[in-house]
Amino acid sequence: MNDSLKQSAMKRLANKDGVIAALAIDQRGAMKKMMTRFQPSTDDKEIEAFKTLVSEELTPYASSILLDPEYGLPASKARDKEAGLLLAYEKTGYDSSVKGRFPDLLDHWSVRRLKEAGADACKFLLYYDVDESVEINDRKKAFVERIASECIAEDLPFYLELLSYDDTIDDPQSKEYAQIKPRKVIEMMKTFSEPQFHVDVLKVEVPVNMNFVKGFGEESIYTKEQAQAYFLEQSSITDIPFIFLSAGVSADLFKETLRFAKEAGSTFNGVLCGRATWAGGVEPFIKNGETAAREWLQSTGRKNIEELNAVLKETATPYTEKN
């Protein structure tokens, strides 16, 4: 294994301050749903074209971009020359007819092929419930170990995205789920920080639903102090660099969340922010075409990402302080 190759790749994915200020647009099923809100159906070319527009217009302001090999390769070639590239390795979604939300890999891809396509890192998404059966969770652990071995063989950084869930609760944004989310998120991070998984960066949820923190939403189940204690516990549970995902919240709420995390003492190392940055560009793209979408991205999209970068400068810790 060549550590210097891996470290060079890690450096390309971060900004000059060592903070990962990455843009995520690896959505596939979710992207189709967003587009079909404004028209009866969508095709592959439209998805590729929108991702390419986002890459062209916003990667000059991002440290790196996360794309998928299915629709994102044209966009990967359109990114700014200074922006690093993460490529997703998982198939979108999961088979809801089978208990366990098991992951699957893209059929015609391997970590070697991701690297040959220009990836500076492999990203893999895993749904994980710490309260699932030992049999289900052990199978998921073995899956992650296999991907880690591929990444080690190719000297490619491994970004593991973790999404918590509970099989008995349908709505992850519900008050019911918000009450158990902190333990789910923190224990999951603890598990995948163990050495056998060889994770280089954890991409994770914030440990609370901010809409239920006193002062943030109409109804509260956490006081400000309780919520901050969860952010600090999450940060303390791992020595691995970790970054926050935006989970589809508004740009303003995400920025406030990062400030809240910093105030709590969290030493998070950046973000992989998706819809909070570019989602508003889908409607003008579908309704009025490329020029309208480009105008939106050059104005509102750029504003969203530059404001986020300003907040990261105040709040995030360089990933190098953890390596």
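Above this note sits the structure.
Model, not experiment: these values are computed from the prediction.

We now examine the overall build of the chain. Per the secondary structure count, the chain includes 12 helices and 8 strands. Computed over C-alpha atoms, the radius of gyration of the chain comes to 19 Å, within 12% of the 20 Å expected from 2.2 N^0.38 for 323 residues, which places it in the range of a compact globule. Expressed along its principal axes, the backbone C-alpha trace of the chain runs to roughly 50 × 45 × 45 Å. When the 323 residues of the chain are sorted by exposure, 55% land in the buried category. Long-range pairs, those at least 24 residues apart, make up 73% of the contacts in the chain with a sequence separation of at least 6. For the chain, the computed accessible surface area is about 14300 Å², with 46% contributed by carbon and sulfur atoms.

Where burial is concerned, most of strand β5 (residues 158-164) is hidden: 7 out of the 7 residues are buried. On β5, burial covers both faces: F158, L160, L162 and S164 on one face and Y159, E161 and L163 on the other are all buried. Across 7 bridges, the pairing between strand β4 (residues 121-128) and β5 is parallel. The residue bridging C122 from the neighbouring strand is F158, located in β5. Here β5 runs beside strand β6 (residues 201-204); their pairing, made up of 3 bridges, is parallel. Within the sheet, the bridge partner assigned to L160 lies in β6 and is L202.

Here we have 8 strands rolled up into a closed barrel, ordered β1-β2-β3-β4-β5-β6-β7-β8, and parallel in their pairing. Geometrically, the sheet is characterised by an average inter-axis angle of 25° between neighbouring strands, direction not taken into account. Across 4 bridges, strand β1 (residues 20-24) lies against strand β8 (residues 270-273) in parallel orientation. Bridge pairing in β8 links L23 to C273. Sheet strands in contact with helix α1 (residues 3-13) are β1, β2 (64-67), β3 (84-88), β4, β5 and β6, and its direction is about 100° off that of β3. Strands β4 and β5 of the sheet are contacted by helix α6 (residues 134-153), whose axis makes an angle of about 180° with β4.

We now examine the nonpolar core. It is characteristic of soluble globular proteins that their nonpolar side chains tend to be buried jointly. Core analysis: the biggest nonpolar cluster contains 79 residues, and L160, F192, L202, F244 and W278 have the highest contact counts within it. With 7 residues, helix α12 (residues 290-315) is the single largest residue contributor to this core. Each residue touching L160, except ones within four places of it in the same chain, is listed here: F124, L126, V144, F192, V199, V201, L202 and K203.

So, about the packing of helix α7 (residues 175-192) against helix α8 (residues 224-236). Across the interface, α7 lies against α8 with an axial gap of 9 Å and an inter-helix angle of 15°. As the angle between them shows, α7 and α8 are arranged roughly parallel. As α7 packs across α8, the resulting crossing turns out to be right-handed. In this structure, α7 uses P182, V185, I186 and M189 to contact α8, whose residues at the interface are Y230, E233 and Q234.

All right, on to the packing of helix α3 (residues 44-58) against α12 then. Where α3 contacts α12, the axes come no closer than 9 Å and their chain directions differ by 45°. Between α3 and α12, the angle falls in the class oblique. Classified by chirality, the crossing of α12 by α3 is right-handed. Along the contact surface, α3 presents L53, V54, E56, E57 and L58, while α12 presents E290, A293, R294, L297, Q298, G301, R302 and I305. Here the residues of the contact of α3 with α12 are counted per class, giving 6 nonpolar, 2 polar and 5 charged.

This part covers the side chain of E154. Position of E154 relative to the elements: it lies in the loop between α6 and β5. Within the buried set, E154 has no salt-bridge partner at all; the shortest N-O distance to an opposite charge, 4.2 Å, is to K115. Those residues in contact with E154 that sit more than four places away from it in its chain are V111, R112 and K115.

For D155, which is not glycine, the phi torsion reads 55° and is therefore positive. You can see D155 is positioned in the loop between α6 and β5. Unlike most non-glycine residues, H198 shows phi in positive territory, near 50°. Tracing the backbone through its elements, the reader meets H198 in the loop between α7 and β6.

Scoring rules and cut-offs
- Residues numbered from 1 in each chain as written.
- Predicted model: local features only at pLDDT ≥ 70, side-chain atom pairs only at ≥ 80, totals over all residues.
- Heavy atoms only, no water.
- Helix = DSSP H or I, 4+ residues; strand = E, 2+ residues; numbered from the N terminus.
- Rg over C-alpha atoms; globule rule 2.2 N^0.38 Å.
- Buried < 20%, exposed > 50% of the residue type's maximum accessible area, 1.4 Å probe, protein only.
- Contact = heavy atoms within 4.5 Å.
- Areas by Shrake-Rupley, 256 points an atom, 1.4 Å probe, with all protein chains shown as cover.
- Pairing = 2+ DSSP bridges.
- Axes fitted to C-alpha atoms, helices over the stretch in contact; angles between N-to-C directions.
- Core = buried A, V, L, I, M, F, W, Y, C linked by side-chain atoms within 4.5 Å.
- Parallel < 35°, antiparallel > 145°, perpendicular 65-115°, else oblique.
- Left-handed = near helix turned anticlockwise from the far one by under 90°.
- Nonpolar A, V, L, I, M, F, W, Y, C, P; charged D, E, K, R; others polar.
- Lys, Arg positive; Asp, Glu negative; His and termini not counted.
- Salt bridge = Lys/Arg side-chain N within 4 Å of Asp/Glu carboxyl O.

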